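# Fold and geometry: a report
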Amino acid sequence: MIVLASKSPRRKEILKDLGYDFIVCPAKKDEVFDLSLGLDEALKKVAESKAKEVREFYSDSIIISADTIVCLNQKILGKPKSKEDAIKTLNALSNRRHQVKTGVCVIYKKQTFLHVETTDVYFKKLTEQDIISYVNSGKCMDKAGSYGIQECDFVDHIEGDYTNVVGLPKYVVESIMKDVAL
Ligand SMILES: Cc1cn([C@H]2C[C@H](O)[C@@H](COP(=O)(O)OP(=O)(O)OP(=O)(O)O)O2)c(=O)[nH]c1=O
């Protein structure tokens, strides 16, 4: 059995698109970033801790977990704490390039696979009006960097994988799953 250790509806959709049969069991613990490890290693640890938490309940299953962050000048912009926070973040991203990083973890019995995928995202120049109306829609609140590429018109172009920005890099998951020894 495959267990997706995530409450993200986007991750569920992406895994479905890949054709897997799975159940969903989100991890509940707070995400703690140990930045002394460097961004990518810290992200891997967060993804791994989600998978390990869920493995406690499904020890014979393949557990898939992920964590997505937005990085601007090496600084992590997580989910917004308030509307004001979201407005500040979107102003900071306007007319600039940033990175979206997703750490992926797959655990099956004694095997652990970890990968960080990075996509460069280039934002258009946003007006105050664009920002306010998006933030007022409330859609930003559960998303790293306060935006969802799939539902806003803020992105000029990206370099790298689109599904990585949405929360689960399709081809990374596919390639890890091929390496899992059943
Ligand atoms: C940048 C960006 C993020 N996101 C989402 C993906 C993730 O759901 C969320 C980042 O938060 P995460 O903490 O990675 O994931 P989550 O809290 O939604 O789910 P869980 O911890 O249970 O796995 O931001 C988008 O949907 N679109 C985007 O363009």
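One structure accompanies this document, and this report is about it. Values in this document were obtained by computation on a predicted structure and should not be read as measured data.

## Some words on the environment of proline 80
Summarising the element assignment, proline 80 is placed in the loop between strand S4 (75-77) and helix H3 (83-93). C-alpha of proline 80 to C-alpha of lysine 44: the two residues are 36 residues apart in sequence and 21 Å apart in space. Setting aside residues no more than four positions away along its own chain, proline 80 makes contact with Asp85, Ala86, Cys140, Met141, Lys143 and Ser146.

## A closer look at the pattern of salt bridges
Under the criterion given, the structure shown has eleven salt bridges. The shortest N-O distance in the salt bridge between lysine 44 and glutamate 41 comes to 3.1 Å. Here lysine 44 and its partner glutamate 41 are both found in helix H2 (residues 39-55), three residues apart, which amounts to about one turn of the helix. We classify glutamate 41 as partly exposed; its relative accessible area is 38%. Between lysine 52 and glutamate 48 there is a salt bridge, and its shortest N-O distance comes to 3.5 Å.

## Looking at the site of the ligand
Neighbouring the ligand are 22 residues; Ser6, Arg11, Lys50, Lys79 and Ile149 lie closest to it. Serine 6 has a polar side-chain atom sitting 2.6 Å from an oxygen atom of the ligand. Residue arginine 10 places a side-chain N or O atom 2.9 Å away from an oxygen atom belonging to the ligand. With the chains in place, 98% of the 600 Å² that the ligand exposes on its own is no longer accessible. Taking a 2 Å distance to the grid points as the criterion, the majority of the atoms of the ligand fall inside the largest pocket. No other element matches strand S3 (residues 62-72), which puts four residues into the shell around the ligand. Counted by class, the shell around the ligand contains eight nonpolar, five polar and nine charged residues.

So, how was this worked out
- Residues numbered from 1 in each chain as written.
- Predicted model: local features only at pLDDT ≥ 70, side-chain atom pairs only at ≥ 80, totals over all residues.
- Heavy atoms only, no water.
- Helix = DSSP H or I, 4+ residues; strand = E, 2+ residues; numbered from the N terminus.
- Contact = heavy atoms within 4.5 Å.
- Salt bridge = Lys/Arg side-chain N within 4 Å of Asp/Glu carboxyl O.
- Buried < 20%, exposed > 50% of the residue type's maximum accessible area, 1.4 Å probe, protein only.
- Near = heavy atom within 4 Å.
- Polar contact = N/O pair within 3.5 Å; in protein donor to acceptor, adjacent residues only side chain to side chain.
- Areas by Shrake-Rupley, 256 points an atom, 1.4 Å probe, with all protein chains shown as cover.
- 1 Å grid on protein atoms, 1.4 Å probe; cavity = no way out; pocket = protein on both sides within 12 Å on 5 of 7 lines; lining within 4 Å.
- Sits in = over half its atoms within 2 Å of the grid points.
- Nonpolar A, V, L, I, M, F, W, Y, C, P; charged D, E, K, R; others polar.

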